[in-house]
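A look at the structure
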Amino acid sequence: MTTYLDTHCHLDLFKDPLTTLEAAPDTVVVAVTELPSRFRLLEARFRRDRRVRVALGLHPLRAHTAGPIEEGQLIRSLPRAEYVGEIGLDFSRHGRDTKTSQLRVLDRLLAEPLLRYRVVTAHSRGAEKILIERFADAGITAILHWYTGPAGLIDSALAAGLYFSVNPSMLRTEKGRATVAALPRDRVLTESDGPFAKTGTRSVEPADMSRLVSELGRRWDITQSQAAGIVHDNLATLYGATVGTSTPSPQG
Ligand SMILES: [Zn+2]
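Everything in this summary refers to the structure shown in the same document.

Rules behind the numbers
Residues numbered from 1 in each chain as written. Predicted model: local features only at pLDDT ≥ 70, side-chain atom pairs only at ≥ 80, totals over all residues. Heavy atoms only, no water. Helix = DSSP H or I, 4+ residues; strand = E, 2+ residues; numbered from the N terminus. Rg over C-alpha atoms; globule rule 2.2 N^0.38 Å. Buried < 20%, exposed > 50% of the residue type's maximum accessible area, 1.4 Å probe, protein only. Contact = heavy atoms within 4.5 Å. Areas by Shrake-Rupley, 256 points an atom, 1.4 Å probe, with all protein chains shown as cover. Donors = N, O, S within 2.8 Å, 3.2 Å for Na, K, Ca; no water. Tetrahedral: all angles 85-135°; square planar, octahedral: opposite > 155°, others 65-115°. Polar contact = N/O pair within 3.5 Å; in protein donor to acceptor, adjacent residues only side chain to side chain. Axes fitted to C-alpha atoms, helices over the stretch in contact; angles between N-to-C directions. Parallel < 35°, antiparallel > 145°, perpendicular 65-115°, else oblique. Left-handed = near helix turned anticlockwise from the far one by under 90°. Expected span 1.5 Å × (residues − 1). Arc of directions from axis to C-beta. Core = buried A, V, L, I, M, F, W, Y, C linked by side-chain atoms within 4.5 Å.

What about the overall build of the chain?
Helix and strand content of the chain: nine helices and 10 strands. For 252 residues, the compact-globule estimate of 2.2 N^0.38 gives 18 Å, and the chain sits close to it at 17 Å. Dimensions of the chain, computed from C-alpha atoms along their principal axes, come out at roughly 45 × 40 × 40 Å. Looking at the 252 residues of the chain, the share that counts as buried comes to 54%. For the chain, contacts bridging at least 24 residues in sequence account for 65% of all contacts bridging at least 6. Of the roughly 11,300 Å² of accessible surface on the chain, a fraction of 51% belongs to carbon and sulfur atoms.

Rendered as structure tokens:
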């Protein structure tokens, strides 16, 4: 059976997360969170669901208002979260006034040695250069999700070992298609970024990952199942290089 991957999905923001999951029975979903308190709720809800990996996150646009309790939970929950996201930086017009708070939260997290043993999915809008440098310096092999930065930085991200998760919205813009074309196949992952990313008027969701993989297969001139195999192997490699090398953590 072909398994698809959605490595960046805001599952908790869909109206009915279970219906969203049931529409994609062959897809493993990394459910990113915007606050550590949401991680705890989702973790309790999906602990036994094999389709879901709940990620511990503190979204950069929440960094300014999250407060010390959420920040403390971010650090304290790290030992039991194999996946970390959504974290990162946003220096676009949405986040440029809160740069200081964003950098404080990011640097606090990067100072945790355990982060190197986690699969990290990161937001980088308008802050691609500094984020790639931070990850390279800290030795974090993160996934840059929905990369919209300059083409000229892709090579430094690749040199730093970073991965890229692509979504259907990227394939609809010329710049997005150019980004995908610049990526070696062994660094590509798939994501919905639902419900934020849209296809027409509806949200992209995990069920769209099979069509996305077909589209990648066409671009790579291989079959859909070969493309799915590559994407699957990429996450397995990343997981093996991070979580797989970690010392056993007190995981339930
Ligand atoms: Zn997101």
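Moving on from the coordinates now.
Let's talk about the coordination of the zinc ion
The coordination sphere of the zinc ion contains the protein donors His8 (NE2), His10 (NE2), Glu86 (OE) and Asp193 (OD), at a distance range of 2.2 to 2.5 Å. Taken together, the four donor atoms surrounding the zinc ion define angles of 82 to 168° at the centre, an arrangement classified as irregular. Along the chain, the residues donating to the zinc ion are arranged with the sequence spacing H-x1-H-x75-E-x106-D. With a gap of 183 residues between them, His10 in the loop between strand 1 (4–9) and helix 1 (17–22) and Asp193 in the loop between strand 8 (188–190) and strand 9 (198–199) connect regions that are remote in the sequence. Residue classification places His10 among the buried positions, given a relative accessible area of 1%.

Side note on the side chain of Thr121
Relative to the elements of secondary structure, Thr121 occurs in strand 5 (residues 119–123). One polar contact links Thr121 to His8, side chain to side chain, over a distance of 2.9 Å. With sequence-adjacent residues up to four places away left out, Thr121 is seen in contact with Thr7, His8, Val32, Val84, Gly85, Glu86, Ile87, Ile143 and His145.

Points about the environment of Arg104
Here Arg104 lies in helix 4 (residues 99–110). Taking the C-alpha atoms as reference points, Arg104 and Ser37, 67 residues apart in sequence, are found 19 Å from one another. When sequence neighbours within four positions are dropped, the list of residues in contact with Arg104 reads Ala63 and Glu71.

Remarks on the packing of helix 4 against helix 5 (residues 128–138)
Running from N to C, helix 4 and helix 5 point in directions that differ by 20°, and their axes come no closer than 11 Å. Considering the angle they form, helix 4 stands roughly parallel to helix 5. In terms of crossing hand, the pair formed by helix 4 and helix 5 is right-handed. Of helix 5, the residues touching helix 4 (which contributes Leu103, Leu106, Asp107 and Leu110) are Ile130, Leu131, Arg134, Phe135 and Ala138.

Here we look at helix 4
Over its 12 residues, helix 4 extends 16 Å from the first C-alpha to the last, a length consistent with the 16 Å expected when each residue adds 1.5 Å. Residues of helix 4 that are buried: Ser101, Gln102, Val105, Leu106, Leu109 and Leu110. The buried residues of helix 4 all sit within an arc of 165° when viewed along its axis, so they share a single face. Contacts from the buried residues of helix 4 go to helix 3 (63–77), strand 4 (83–88) and helix 5.

Section: the nonpolar core
Counting residues in hydrophobic clusters, the biggest one holds 76 residues, and the most contacted among them are Leu109, Leu115, Val120, Phe135, Ile140, Leu144 and Phe164. Not counting residues within four places of it along the chain, the set of residues in contact with Leu109 comprises Leu74, Ile75, Leu78, Val84, Ile87 and Leu115.

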